[in-house]
Amino acid sequence: MPNESQKSELNEKYKVFREKFIVYRDKILALHNDSLEKTVAVALSICFVCAILVSLSAVALRPIQAHNKALDMKRNILDVAGLLDEDVDIDSAFSEKIEAKIVDLATGDYVEGMDVAAYDQRKAAKDPSQNIVIPSDQDMASIKTKAKLAKVYLVKSGEAIQSIILPVHGYGLWSTMYGFLSLDADGKTVQSINFYDQAETPGLGGEVVNPNWRALWKGKKVYAESGEPALGLIKGVVDTSRPGSEFQVDGLAGATLTSTGVTNLVRYWMGVEGFATYLNKVRTEG
Ligand SMILES: Cc1cc2nc3c(=O)[nH]c(=O)nc-3n(C[C@H](O)[C@H](O)[C@H](O)COP(=O)(O)O)c2cc1C
């Protein structure tokens, strides 16, 4: 807080500024309307006023934007869990049905004592104190770094897990695609997938958000007999009568590169570098 002498000094400065401003303003207003100086001064004043309005609205809208972003994330999680009901309040549906947890990817253990709601895995992946640089020969999903801790979501019925919702991301053709993969409690059968942030071409790679394509994932198996992630997209349409089709999803027509990106990111995040250790623990320890 400024003391009395600082306050009067500030007052003095303000008075001087105000007087100078009035002198300049009167000078400019006295100019002819067609003069260059007056035109430039009016244009600059309008820019100044607009800049202040834009800045004020950006600051005022920030909390609303943050709330809407969080709400959108909850909507995506409810959607991939098959629990989205547009007639029900998202916040209350989410808090009633979904439990968020932090998982240490290296050990597969839950991390207790953290503020789960405040933890931002995407930010952590870019923070050298919270991330791991992925060696290029292991970087199947082309993401360069990953957070050591991941935020997973559980749908429970009493103490029993019904769905495990895992954040996944990886590079497509034009963009890093961020989404969620939900699995049954067995940790190996897909319930659904959705991508909430991607910039692939609409109608081509952008079909990753198409509900008809997303529906093809239900019931697919993630792991082969060997324990390695085998689920992936194929070129064309899956022949469900063939053995192995449980590991296959139709590729996106005209978007082989995005399709490869989806396969790579699913295999990366379901592998030992991703959630395999955690999912093993869920299977064995519940
Ligand atoms: C304007 C434009 C946008 C494209 N967008 C995508 C895209 O989002 N994802 C993708 O995999 N391929 C996209 N492609 C096509 C790729 O360049 C490439 O040809 C395609 O992945 C090969 O797939 P295909 O073998 O199924 O034809 C685009 C091509 C053009 C000309």
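Our structure is the block above this text.
Note that residues are indexed from 1 along each chain, following the sequence as it is written. With pLDDT at 70 or above as the cut-off, local features in this predicted model cover only qualifying residues; side-chain atom pairs require 80 or more to be listed or tallied, and sums for whole chains, interfaces and linings still use all residues. Note that the side-chain values use all heavy atoms of the structure and ignore hydrogens as well as water.

(A) How the structure looks around the nonpolar core. Nonpolar cores are built from buried Ala, Val, Leu, Ile, Met, Phe, Trp, Tyr and Cys residues. Side-chain atoms within 4.5 Å join them into one set. Note on exposure labels: buried denotes an accessible area under 20% of the residue type's maximum, exposed denotes more than 50%, and partly exposed covers the range between, all computed with a 1.4 Å probe on protein chains only. Residues Trp217, Met270, Phe275 and Tyr278 are the most contacted members of the largest nonpolar core, which totals 39 residues. Every element with two or more residues in this core is listed here: strand S4 (149–157), strand S5 (160–171), strand S6 (176–184), strand S7 (190–197), helix H6 (256–270) and helix H7 (276–285). Ranked by the residues each element gives to this core, the list is headed by H6, at six residues. For this analysis, residues touch if any pair of their heavy atoms sits within 4.5 Å. With near-sequence residues (within four places) excluded, Phe275 lies in contact with Leu105, Ala150, Val152, Leu166, Pro167, Trp269 and Met270. Counting residues in hydrophobic clusters, the runner-up holds twelve residues, among them Val80, Ala81, Tyr153 and Ile165. Numbering of helices and strands starts at the N terminus; helices are DSSP runs of H or I of at least 4 residues and strands are runs of E of at least 2.

(B) How the structure looks around a nonpolar patch on the surface. Here the term patch refers to residues with relative accessible area over 30% and no salt bridge, with like charges joined within 9 Å and nonpolar side chains (Val, Leu, Ile, Met, Phe, Trp, Tyr) within 5 Å. The Shrake-Rupley method, run with a 1.4 Å probe, gives the accessible areas here. Residue values count only the displayed protein chains as cover. Here a salt bridge means any side-chain nitrogen of Lys or Arg lying within 4 Å of a carboxyl oxygen belonging to Asp or Glu. Nonpolar side chains collect at one region of the surface, where Phe48, Val49, Ile52, Leu53 and Leu56 lie side by side and expose about 510 Å² of accessible area between them. On the secondary structure map, Phe48 appears in helix H2 (residues 36–80).

(C) Local environment of the state of the cysteines. Any two cysteine sulfur atoms lying within 2.5 Å of each other are counted as a disulfide. Within the structure shown, the criterion is met by zero disulfides. Just so you know, Cys47 is unpaired, no disulfide at all, and the nearest cysteine sulfur is the one on Cys50, 6.8 Å from it. Residue class for Cys50 comes out partly exposed when judged on its relative accessible area of 39%.

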